[in-house]
Amino acid sequence: MPVLKHRCLTRKVGADHPLAGKTVYIPDLAEGSVEALCAVLRWMGIHALPTPHPDGCTLELGGKYTTGDECFPAKITTGDLIKIAQRPDFDAKRTVFFMATTDGPCRFGQYAPFLRKILREQGYGDVQVFSPHGEHGYSDFQDFDNAFVRSAWRGVVSADILRKLLLQTRPNETQPGAADRAFRDSVADLCQTLEQSCSDTACQMRSVTASLSRAGERFHAVPARFDHRRPLIGIVGEIFCRLNTFSNRDLVRRLEAQGAECWMSDIAEWIAYTNMEEVRNLRLAGRTYSWDMLKSKLRSRIQYADEHSLRSLFAEDFGGYEEPSVETVLRLAHPYLPFPGAEGEMVMNMGRSACLARQGADGIVDISPFTCMNGVVSEAIYPKLSRDYAGIPIRNFYFDGQQSDLDRDIAIYLELARSYRERKPHQRSYPVRFSRQEERVAS
Ligand code: SF4
């Protein structure tokens, strides 16, 4: 019997913290994930909100304050943040805009300096731009301690799990809207749990685990008929465009409306990749035996353990949908874009597509912004990858805010996926929910 009774405590930042008393806005990358990250900031005593969902006004403002040479996600995030700055009650001195950054091979590293320049030019120079760097696995959050980084990671992984449950359930639901409701309720539950959780890591893990278990019950209660014949489409591509439903004109929902199920590459995969890059860069800099190397390795190990523990709650639901390790993804990318000669999302796209083909997907869709360097390089190499996997159909969909007949293109693409399904060399394994369904139908 424990001698001391545990008392839940939450640690908040002090009034002298640079973010205290301000509102932090985080761009709407992916529904669920951004809300969870904001909840963890509020847990630290920092008022944080996601930017409102993008709309026509976002495109208009984004178009006005960009030159047309920038990537589409830069236009969307700029439009969303300027929309906030133009509110009548906007207080620049009490506002912080979140814009992650990196030194990577493409234009993403320019987003934060570009945003600062626009804000200065438009008279909002007092707004602070807060930019955690990919070089440290996005862990350099001001002077927050490890507890914040760990809680944020738990939030991101949990939101990835909820999205996976949504994408698995929604195409099979028999009551339209039920899976979306289960998702929204579960995100709200997760955010409330994170915001009110205890500073003790074990205690917080228990409450996040309980929240995810409740989410599992909600999704299991969705009336659904799981169908083996539904083509499974793997979704890869540029992280913002593939996850932000406004940017990609809700491509996943459109694929579902035409009978497909989608399996989306998640956010945790990218963070695990940046962790691995950090270790490689430290080695290249001759800092194999350094304090930073130790910190980085410890962080990766702890993150892996937390992720494994949260995902294992759904081992039954996700049987056949296992997420590959970054090492596996890079190994399978090697024949096409050998890492580290090539790096970034294009390498992840290649390796992930190969993993999906081996896990029995019936097709791959790459969602990228128009002119995205990663998308263009990947598109040039997909034909070889497709040939190596018996002609798996791989289709790039590019987005720049313009309208086109997406549904017609999807219908043609899904015909190819259905025909590949009949001859694919790698068969899927299905979670038990599919077979329970069959038993019910047979009895
Ligand atoms: S990944 Fe593509 S869209 Fe994103 S910043 Fe790089 S080039 Fe632009």
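Basis of the calculations
Residues numbered from 1 in each chain as written. Predicted model: local features only at pLDDT ≥ 70, side-chain atom pairs only at ≥ 80, totals over all residues. Heavy atoms only, no water. Helix = DSSP H or I, 4+ residues; strand = E, 2+ residues; numbered from the N terminus. Expected span 1.5 Å × (residues − 1). Contact = heavy atoms within 4.5 Å. Axes fitted to C-alpha atoms, helices over the stretch in contact; angles between N-to-C directions. Parallel < 35°, antiparallel > 145°, perpendicular 65-115°, else oblique. Left-handed = near helix turned anticlockwise from the far one by under 90°. Nonpolar A, V, L, I, M, F, W, Y, C, P; charged D, E, K, R; others polar. Patch = residues over 30% accessible without salt bridge, like charges linked within 9 Å, V, L, I, M, F, W, Y side chains within 5 Å. Areas by Shrake-Rupley, 256 points an atom, 1.4 Å probe, with all protein chains shown as cover. Salt bridge = Lys/Arg side-chain N within 4 Å of Asp/Glu carboxyl O. Pairing = 2+ DSSP bridges.

A. A look at helix α11 (residues 291-311). Taking 1.5 Å per residue, 21 residues should reach 30 Å; α11 reaches 30 Å between its end C-alpha atoms and fits that length. The inward-facing, buried residues of α11 abut α5 (146-169), α7 (201-220) and α10 (267-284).

B. View of the packing of helix α1 (residues 33-43) against helix α6 (residues 178-195). In contact at an axis separation of 8 Å, α1 and α6 are set at 20° when each is read in the N-to-C sense. By the criterion of interaxial angle, the relationship of α1 to α6 is roughly parallel. Considering the relative orientation of α1 and α6, their crossing is right-handed. Within the contact between the two elements, α1 uses Glu35, Ala36, Ala39, Val40, Arg42 and Trp43 and α6 uses Val187, Leu190, Cys191, Leu194 and Glu195. Broken down by class, the residue content of the contact of α1 with α6 amounts to eight nonpolar, no polar and three charged.

C. Just a nonpolar patch on the surface, in detail. On the surface, Trp291, Leu294, Leu298 and Ile302 cluster together into a nonpolar patch covering about 420 Å² of accessible area. Tracing the backbone shows Leu294 in helix α11.

D. Quick peek at the sheet that holds strand β1 (residues 23-26). The strand order β2-β1-β3-β4 describes an open sheet built from four strands, whose pairing is parallel. Either end of the sheet is taken by a strand with one partner, and the two such strands are β2 (47-50) and β4 (128-130). Averaged over all pairs of adjacent strands, the angle between strand axes in this sheet comes to 25°, irrespective of strand direction. Relative to β2, β1 runs parallel, the two sharing four bridges. Its bridge partner lying in β2, Ile26 is registered against Pro50.

E. Spotlight on the sheet that holds strand β6 (residues 261-264). As summarised here, the arrangement of the four strands in space is β6-β5-β7-β8, forming an open sheet in which the pairing is parallel. This sheet does not close on itself; its edge strands, each paired only once, are β6 and β8 (394-399). For this sheet the average axis-to-axis angle between neighbouring strands, irrespective of direction, equals 30°. As paired strands, strand β5 (residues 232-237) and β6 are joined by four bridges and run parallel to one another. Within β6, the residue paired with Leu232 across the bridge is Glu261.

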